[in-house]
Amino acid sequence: MKRSTYSWGVRLSSLIVVLTAWELYGRSVNPILFTYPTAVARAFVELVSSGDLQRFLMQSLEVFVYGFVIAIIVGIPLGIFLARSPTLALALEPYLHAIYSTPTVAFIPLIVLWFGFQVFAKVVIVFLFMVFPILLNTHQGVKNLSQDLLEVAHSFCSTERRLWIDLIIPSALPFILVGINLAIGRGLVGMVVAEFFTSVAGLGYMIVQYANAFETAKLFVPIVVLMVLGAVLIGLIKLIERKVAPWQNRTQEEV
């Protein structure tokens, strides 16, 4: 049996067991307090038919994508610069560590005060949740770069620009992708938290709305959508890693 077939078989069996147990237990609990998969499926169809789910999902995805792209644009170059420039690291690391160690939720009232309740404020919140895993992992990847490879590159008079393109970024790529993987989970959290605090839009608003109305089945729909969205995005990053850094997978298999 192929390894991929076995893996999918185990995952599918696990899913069937979990859903069956959830269904049996959920039917024995007060529907105000809990629900079960078939009720969630009916609520999902209802929300899709009304168009509410698609509308709120697109509002959330807009915020997530903007925050994600900006976090990558800022996090990867800044992580490389900090690793390559000791002076810059000495100047910026205290501030970065201070911001990273502070719970991001604590900044939300200030962000709302500065930027209001619109999309831009939510993008800033998602960005703050996502940028540090990318920045820190990129920094660590560059710091772990083999000194022997650097010496060889310098011996061939490689410029700093060619070092970035030919050596630094390819060597740090597995670390960068791990950082992006971590950032996805944090970004989804930031997206929902931002919607809790800043506006009546998105999946976060759906969760609050249906929780206040005690519509538990509908409450589970955006939660399940967030779970599926996170799993799909992380799976996509892993697929990209297998394509752009195949040597990393071979190393893991050997270990």
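Read on for an overview of the structure. (Residues numbered from 1 in each chain as written. Predicted model: local features only at pLDDT ≥ 70, side-chain atom pairs only at ≥ 80, totals over all residues. Heavy atoms only, no water.)

Geometrically, a packed helix pair is captured by the angle between its two axes and the distance between the axes. Relative to each other, helix α2 (residues 37–50) and helix α10 (residues 216–244) sit at 80 degrees, their axes nearing to 8 Å. The orientation of α2 with respect to α10, classified from their angle, is roughly perpendicular. Residues A39, V40, A43, F44, E46 and L47 of α2 form the contact with α10, whose participating residues are A217, K218, F220, V221 and V224. For the contact of α2 with α10, the class distribution of residues is 9 nonpolar, no polar and 2 charged. (Axes fitted to C-alpha atoms, helices over the stretch in contact; angles between N-to-C directions. Helix = DSSP H or I, 4+ residues; strand = E, 2+ residues; numbered from the N terminus. Parallel < 35°, antiparallel > 145°, perpendicular 65-115°, else oblique. Contact = heavy atoms within 4.5 Å. Nonpolar A, V, L, I, M, F, W, Y, C, P; charged D, E, K, R; others polar.)

Once that is clear, we can look at a positive patch on the surface. Taken together, the side chains of R11, K238, R242 and K243 present a region of like positive charge at the surface. Element by element, the count of residues in the positive patch is highest for α10, at 3 residues. Here R242 is to be found in helix α10. Classification of R242 as partly exposed rests on a relative accessible area of 46%. (Patch = residues over 30% accessible without salt bridge, like charges linked within 9 Å, V, L, I, M, F, W, Y side chains within 5 Å. Areas by Shrake-Rupley, 256 points an atom, 1.4 Å probe, with all protein chains shown as cover. Salt bridge = Lys/Arg side-chain N within 4 Å of Asp/Glu carboxyl O. Lys, Arg positive; Asp, Glu negative; His and termini not counted. Charge placed at Lys NZ, Arg CZ, Asp CG, Glu CD. Buried < 20%, exposed > 50% of the residue type's maximum accessible area, 1.4 Å probe, protein only.)

A word on the side chain of S60. Relative to the helices and strands, S60 resides in helix α3 (residues 52–84). Here S60 is in contact with M191, E195, G202 and L203, once residues within four sequence places are set aside.

On to the side chain of T35, then. Within the fold, T35 resides in the loop between α1 (3–26) and α2. Classification of T35 as buried rests on a relative accessible area of 4%. Residues contacting T35, with those up to four places away along its chain left out, are W22, G26, V40, T216, A217 and F220.

Purely spatial values, then, with no claim about function.
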